[in-house]
Amino acid sequence: MASIIPGITAVGGYVPDYVLTNHELEQLVDTNDEWITTRTGIKERRILKGENQGTSVMAVKALKQLLEKSNTDPKELDAVIVATVTPDYFFPTTANLIATEVGAVNAFGFDMMAACSGFIYALETGANYIRSGNYKKVAVIGADKMSSITNYKDRNSCILFGDGAAGVMLEPNEEGLGIYDTILKSDTVGKELIYLKGGGSVNPSTHESIDAGLHNFYQDGKSVFKYAVTYMADVAAEIMERNNLTGDDIAYLVPHQANKRIIDATANRMGVGPEKVMMNIQRYGNTTGATIPLCLFDFEKNLKKGDNLVLAAFGGGFTWGSMYLKWAY
Ligand code: UT7
């Protein structure tokens, strides 16, 4: 039996209206626009405001677009996978919540947690459901409300993050345009370098855990940077080598948006110029699970059928990975 190629048939995305600028952050912590811009490339990020507003509020908007753009009746949807480190709740999963919200009564769903690499992990998982031949339509969404775990008194980290959601619809592709190859990696080298320590079974929520700041994102930025810059470039180069691709063959690098300097290093290693790099970090900051699909969403109009894309990510864990795909429409 010929193998089934999972292709992307639609992209959907959503960012909240509120714009948190570098200048506003200058009022909160000892920082400045020049430092943030030169060290990270970020100018502003979007923040989901309001009571009882969780990650699903954004993810459901992305999912609705996917259904519309791919002409899918919600009842036809087989599965929903949400990559997030900021689910609405530990359970029920955010995937369950958004599937119900759109009327996807026949879909199963679950959340995946692989920090900033979550979307690539989830996309490969969704692709495998399609490759199995048992499922025809799988929605894969990356969504995070990073503002819910950000400490706005810590200048080292609060400047980095924003909120957003985006995703893709996967379906079997008859023309052979879709996901060809994926490399996924993880270790625990980053265990003490980038984490959210509280709220899990080791440090359940207590007054003390809250006072100690265990429920906020923490990273040793300089150390994480050194790993990120090497590992993300290595894994992007590895997938090119094993698929006999050169920089000329690539239409776009679609990188996780953590820091412009990490993205530039990856592009250099791959031999692709800045015109072939999807970048929107200046407008959204790091939205964790949402960065890669938000790039696809923003650059969708630039893409042509058959374009070769390389996705690459690095994040907490550590987790990292890359994917080679041909754009299907
Ligand atoms: O997405 C998941 C994985 N995460 C990453 O890939 C992030 C990797 N790390 C980074 O992107 C960078 O390390 C950061 C953007 C987080 C920090 O940039 P850096 O160039 O590594 O700065 P640094 O942490 O080495 O700090 C340099 C200086 C320090 O001052 P001293 O010690 O040299 O006097 C910091 O205290 O900059 C200071 N600093 C700031 N100054 C103004 C740190 N944060 C700020 C700030 N504004 N917001």
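For the structure, see preceding data.
Every value quoted in this text rests on a predicted model; they were computed, and no experiment measured them. (Residues numbered from 1 in each chain as written. Predicted model: local features only at pLDDT ≥ 70, side-chain atom pairs only at ≥ 80, totals over all residues. Heavy atoms only, no water.)

*Asks:* Summarise the overall build of the protein chain; cite the residues concerned and give the values.
*Replies:* Secondary structure summary: the protein chain contains 10 helices and 13 strands in total. Along the three orthogonal principal directions, the C-alpha set of the protein chain runs to about 60 × 45 × 35 Å. Across the 329 residues in the protein chain, those meeting the buried criterion constitute 55%. Long-range pairs, those at least 24 residues apart, make up 76% of the contacts in the protein chain with a sequence separation of at least 6. Surface exposure of the protein chain reaches about 14200 Å², of which carbon and sulfur atoms provide 50%. In the protein chain, 30 side chains carry a positive charge and 38 a negative one; their mean positions are 2 Å apart. (Helix = DSSP H or I, 4+ residues; strand = E, 2+ residues; numbered from the N terminus. Buried < 20%, exposed > 50% of the residue type's maximum accessible area, 1.4 Å probe, protein only. Contact = heavy atoms within 4.5 Å. Areas by Shrake-Rupley, 256 points an atom, 1.4 Å probe, with all protein chains shown as cover. Lys, Arg positive; Asp, Glu negative; His and termini not counted. Charge placed at Lys NZ, Arg CZ, Asp CG, Glu CD.)

*Asks:* Lay out helix α3 (residues 55-69) with the relevant residues and their values.
*Replies:* Taking 1.5 Å per residue, 15 residues should reach 21 Å; α3 reaches 22 Å between its end C-alpha atoms and fits that length. Within α3 the residues assigned to the buried category are Thr55, Ser56, Met58, Ala59, Val60, Ala62, Leu63, Leu66 and Leu67. Looking at the buried residues of α3, the elements they touch are β1 (6-14), β4 (79-83), α4 (94-102), β6 (138-145) and β7 (163-172). Within two residues after α3, asparagine 71 carries a phi angle of roughly 55°, on the positive side. (Expected span 1.5 Å × (residues − 1).)

*Asks:* Run through the site of the ligand, naming residues and quoting values.
*Replies:* Close to the ligand lie 24 residues; Thr31, Arg39, Arg155, Gly221 and Asn259 are nearest. Within the side chain of arginine 261, a nitrogen or oxygen atom sits 3.0 Å from an oxygen atom of the ligand. Coverage of the ligand by the protein chains reaches 76% of its 960 Å² of free accessible surface. For the shell around the ligand, the secondary-structure elements that each account for two or more residues are α2 (33-40), α7 (221-242), α8 (260-270) and β12 (308-315). Considering each element in turn, the shell around the ligand owes the most residues, 5 residues, to α7. (Near = heavy atom within 4 Å. Polar contact = N/O pair within 3.5 Å; in protein donor to acceptor, adjacent residues only side chain to side chain.)

*Asks:* Which residues make up the nonpolar core, and what are the values?
*Replies:* Membership of the largest hydrophobic core comes to 40 residues, with the highest contact counts inside it found for Leu253, Met270, Val272, Phe314 and Phe318. Secondary structure elements with two or more residues in this core: α7, α8, β12 and β13 (319-326). If you tally residues by element for this core, the top one is α7, at 7 residues. When residues of this core are sorted by domain, at least three fall in each of domain 1 (5-176) and domain 2 (180-326). Within the second largest apolar cluster, 34 residues are counted, among which are Leu170, Val254, Met278 and Trp327. (Core = buried A, V, L, I, M, F, W, Y, C linked by side-chain atoms within 4.5 Å. Domains from an automatic or database assignment.)

*Asks:* So what about the environment of aspartate 17? Which residues, and what values?
*Replies:* Note that aspartate 17 resides in the loop between β1 and β2 (18-21). For aspartate 17, a relative accessible area of 67% translates into the label exposed. C-alpha of aspartate 17 to C-alpha of tyrosine 121: the two residues are 104 residues apart in sequence and 28 Å apart in space.

*Asks:* I'd like a rundown of the packing of aromatic side chains, residues and numbers included.
*Replies:* Given two aromatic rings, their pairing is described by the distance between the two centres and the angle made by the two planes. A full pass over the atoms with the stated rule returns 16 aromatic pairs. Both rings, one in phenylalanine 108 and one in tyrosine 129, keep their centres 5.3 Å apart while their planes meet at 65°; by these two values the pair is edge-to-face. Here the residue phenylalanine 108 occupies a position in strand β5 (residues 108-112), and tyrosine 129 occupies one in helix α5 (residues 118-131), the gap between them amounting to 21 residues. With relative accessibility at 30%, the residue phenylalanine 108 sits in the partly exposed group. Site record: aromatic cluster; members linked through ring pairs are Tyr227, Tyr231, Phe314, Phe318 and Trp320. Positioned above the aromatic ring of tyrosine 18 is the side chain of lysine 49, whose terminal nitrogen or guanidinium carbon lies 4.4 Å from the ring centre. In this arrangement the basic side chain of lysine 61 is found over the ring face of tyrosine 14, its NZ or CZ atom lying 5.2 Å from the centre. (Phe/Tyr/Trp six-rings, centres within 6.5 Å; stacked < 30°, edge-to-face > 60°. Lys NZ or Arg CZ within 6 Å of the ring centre and 35° of its normal.)

All we've got here are geometric facts, nothing functional implied.
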